[in-house]
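Here is what each chain is made of, one letter per residue.
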Amino acid sequence: MKQNKDGTMIEIKDLWYTYPGRTDPTLKGVNLKIEEGEFVLLTGPTGCGKSTLLKTLNGIIPHESGGIFSGSIRINGIETRDSNQMELSRGVGLVFQNPDDQIFSTTVEDEIAFGPENLCMKREDIDKKVEEALQMVGMSGHRLDSTNSLSGGQKQRICIASMLAMMPEILAMDEPVSQMDPMGTRDVLNTVRELNRKLKITILLVEHRLHELAPFADRVVIMDDGKIIFDQPASKAFDNLEIFHRLGLRVPEPVELCHRLGIRASPLSIREALALLNRKNFKEKMKTPQFFPNPEEDTGKQTGSSGNNDSVNNNSIISIRDMWSGYEKNRMVLKGINLEIRKSERVAVMGTNGSGKSTLLLNLAAMLKPYKGSVKVFGEDTRSRNPYSFAGRVGFVFQNPDLMLFCDSAEEEARFGPVQLKYKNIEERARTSLEAMSILNLKQDLPQSLSRGQRLRTAVASVLSINPEIILLDEPTTGQDRVNIEQMMDYFKNKRSTLVFCTHDIEIAMLYATRILVMNEGQIIADGKGREVIKDIETLRKASLTQPPVVEIANSLGVDAFSVTELVEMLTRRSSEVMKCEVIKCEVIKCEVIKC
Ligand SMILES: Nc1ncnc2c1ncn2[C@@H]1O[C@H](COP(=O)(O)OP(=O)(O)OP(=O)(O)O)[C@@H](O)[C@H]1O
Ligand SMILES: Nc1ncnc2c1ncn2[C@@H]1O[C@H](COP(=O)(O)OP(=O)(O)OP(=O)(O)O)[C@@H](O)[C@H]1O
């Protein structure tokens, strides 16, 4: 690509864009300048226009999309409107939000080789590039795999690898790690960061999980309603949390903790947070022996629900005995699963990419049958049932919501189940489920024209409208902002739904699950309340999980706290009790002086 002398890689001026068929613009005067070698994290509420903005960088918008486009985007000096997608794609590697939209080859090797082949590299160089890229994303052993057989997180790794194999000047990534396990996320982002530093690759990364990703970025940019409304260096971005709270965005736990303790600083790492807390003598205060309620007993106040009594009943509705299951006879994915799930439990299934979480869920919905052992749902062996026989009683939302959306409007999606099942009150069911997922205002929209977060909530609404007894959700929190995650999970909590959900988000699992299952290589390696599971660091490591930052900080301070609220309460209560002790000590001294 042409070299822009002043080092500006992306320059967007007064960019407006309206999708075909819409009257209101999605982008409303975006201005943004990104220098060569910068790592910019772009975030904002669901549906604010982040993916749309990314698609303008390599010319998908407007060249492929049509619609009304005005303003200017210069990529390394080239005006995208005057260029073509072929030329732009050489400079801008775009990692799509939905890996299924990006992957088109049948094997992993072909998928990654496609870019270098188009750059006319030599065969031996292509081979080397493919191997290097696979190593960078931790997928070396999967070179000859069929792309259809990959799990969601594995697909995301392949999408990133296929861009890394081309080493573009700009890497634009749309929630590239949303389905990746926490350790995988950290490793892949470390690699990306290294490339960014060493080769000065410019990175623009869209993410909702800014609490996890902000430490990698140089700048944090926030979009709202089609405009850029905030642009700060990452080290200063969280100095004022008002905007994050107002827009319902997540904030790194160490930052939230310090702010709530009145410490005016924004540490992005655990180490920084501990240094600040030590400086403020919090560690010393924690050494004073005091009485604290056992968090397990403190059920009423918990933000997390591991302490509540939901699971204390014996109404088992799912029962699995020594279950072996997979997609090919000679390659079992699940290896000897034993599991009992009771009514009203909310079970989070966590673990390494490819460990078998989705496969477990598919078995619960009778979409996959065990090769050996048994799965009983409502006491019925799934081998003698087809998935339709559980229709109305078991609701399933796939990891990729697009696989479920085929109607002409969000409202039709929500009506579909009740209509098929010949339920009464169809309008009411559709309305309340759309309302519960905060998408009633989008009810007339074509599902394919919604943002990923909105599509996911449409898929969930289409299941809620049948009011199933068991709800199975495969990664329901990916691509959602904090407010929408909380609304969705609060809904299930308040309804006391029986919920089994896969997630890589340990903070959400701690907050909303009554029980956490940890999986590794097709087996359940831990099963218990979040507060118990989270303490077993060795097991977490095996499953590529990490403790939430606040738990690590509490551990270092020598206390058991499982949420920011809990730790703040402990620290502030300790401080005031230490102060009380000091006052009492003074009173005693005063009395003794008077006596003398
Ligand atoms: N193909 C399309 N046709 C019409 N409207 C669209 C299309 N794609 C997106 N939109 C609309 O543009 C708006 C922004 O969508 P976009 O996907 O850019 O949001 P986003 O910020 O990336 O959201 P999320 O965080 O959920 O991924 C949404 O209101 C959406 O309905
Ligand atoms: N349709 C399929 N055909 C063959 N193998 C498959 C298929 N789907 C998944 N697998 C394999 O089964 C294993 C488990 O996949 P699964 O999707 O259950 O993992 P997961 O734990 O949900 O992963 P992730 O966290 O990435 O979503 C993986 O090794 C995957 O390659």
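Computed from a predicted model, the values in this text were never measured in an experiment.

Honestly, the overall build of the chain in this entry has me stumped. Any pointers?
Scanning the chain from terminus to terminus reveals 24 helices and 20 strands. Relative to its full complement of 596 residues, the chain shows a buried share of 49%. Put simply, of all contacts in the chain between residues at least 6 apart along the chain, 69% involve residues at least 24 apart.

I tried to follow the site of ligand 1 on my own but got confused; where do I start?
Neighbouring ligand 1 are 18 residues, the closest being Tyr19, Ser51, Ser449, Ser451 and Gly453. For the shell around ligand 1, the elements supplying multiple residues, two or more each, are helix 1 (50-57) and helix 18 (452-464). For the shell around ligand 1, the class distribution of residues is three nonpolar, twelve polar and three charged. For the shell around ligand 1, the two domains that each supply at least three residues are domain 1 (8-237) and domain 2 (347-352 + 385-547).

Help me understand the nonpolar core in this model?
Looking at soluble globular proteins, one finds that nonpolar side chains tend to be buried together. Counting residues in each nonpolar core, the largest one holds 164 residues, and the members touching the most others are Leu41, Ala161, Val349, Met350 and Val518. Each of domain 1 (8-237) and domain 2 (347-352 + 385-547) contributes no fewer than three residues to this core. Ignoring sequence-local partners within four residues, the contact set of Leu41 consists of Leu205, Glu207, Leu210, Leu213, Ala214, Ala217, Arg219, Val220 and Val221.

Mind showing me how you'd approach the sheet that holds strand 2 (residues 27-35) here?
The strands making up a sheet associate through hydrogen bonds between their backbones, and the pairing can be parallel or antiparallel. Read from one edge to the other, the open sheet built from four strands follows the order 2-1-4-5, with strand pairing classed as antiparallel. Looking at strand neighbours, the two that pair on one side only are strand 2 and strand 5 (78-79), the edges of this open sheet. Where strand 1 (residues 8-18) meets strand 4 (residues 68-75), seven bridges bridge the pair, whose relative direction is antiparallel. The residue of strand 4 that forms the bridge with Ile10 is Ile75.

Would you take a moment to explain the environment of Pro476 for this structure?
Topologically, Pro476 is positioned in the loop between strand 17 (470-474) and helix 19 (482-495). Residue Pro476 is classed as buried on the basis of its C-beta count, with 27 C-beta atoms lying within 10 Å. As for Pro476 and Cys407, which are separated by 69 residues in sequence, their C-alpha atoms are 21 Å apart.

Just checking my understanding: could you explain the site of ligand 2 for this structure?
Around ligand 2, a shell composed of 20 residues is seen, among which Ser149, Ser151, Gly153, Tyr327 and Ser358 lie nearest. Secondary-structure elements contributing two or more residues to the shell around ligand 2 are helix 7 (152-164) and helix 15 (357-364). In terms of residue class, the shell around ligand 2 is made up of four nonpolar, 15 polar and one charged. Shared between two domains, the shell around ligand 2 takes at least three residues from each, and those domains are domain 1 (8-237) and domain 2 (347-352 + 385-547).

I keep staring at the domain arrangement of the chain and nothing clicks. Help me out?
Where the parts come together, the accessible area they lose is often given as the size of the interface. Partitioning the chain into domains gives domain 1 (8-237) and domain 2 (347-352 + 385-547). The gap between the C-alpha centroids of domain 1 and domain 2 is 27 Å. The partner domain 2 presents 20 residues to the 18 residues of domain 1 that form the contact. For the side of domain 1 that touches domain 2, the element with the highest residue contribution is helix 8 (residues 182-199), accounting for three residues. Residue composition of the side of domain 1 that touches domain 2, grouped by class: five nonpolar, ten polar and three charged.

Mind showing me how you'd approach the environment of Arg531 here?
Here Arg531 shows up in helix 21 (residues 530-533). Of the residues examined, Arg531 has 18 C-beta atoms within 10 Å and is grouped as partly exposed. Residues Arg531 and Ala561, 30 residues apart in the sequence, show an inter-C-alpha distance of 9.0 Å.

The rules behind these values
Residues numbered from 1 in each chain as written. Chains lettered and ligands numbered in written order. Predicted model: local features only at pLDDT ≥ 70, side-chain atom pairs only at ≥ 80, totals over all residues. Helix = DSSP H or I, 4+ residues; strand = E, 2+ residues; numbered from the N terminus. Buried ≥ 20, exposed ≤ 12 C-beta atoms within 10 Å, placed from the backbone. Contact = placed C-beta atoms within 7 Å. Near = placed C-beta within 6 Å. Nonpolar A, V, L, I, M, F, W, Y, C, P; charged D, E, K, R; others polar. Domains from an automatic or database assignment. Core = buried A, V, L, I, M, F, W, Y, C linked by C-beta atoms within 7 Å. Pairing = 2+ DSSP bridges.

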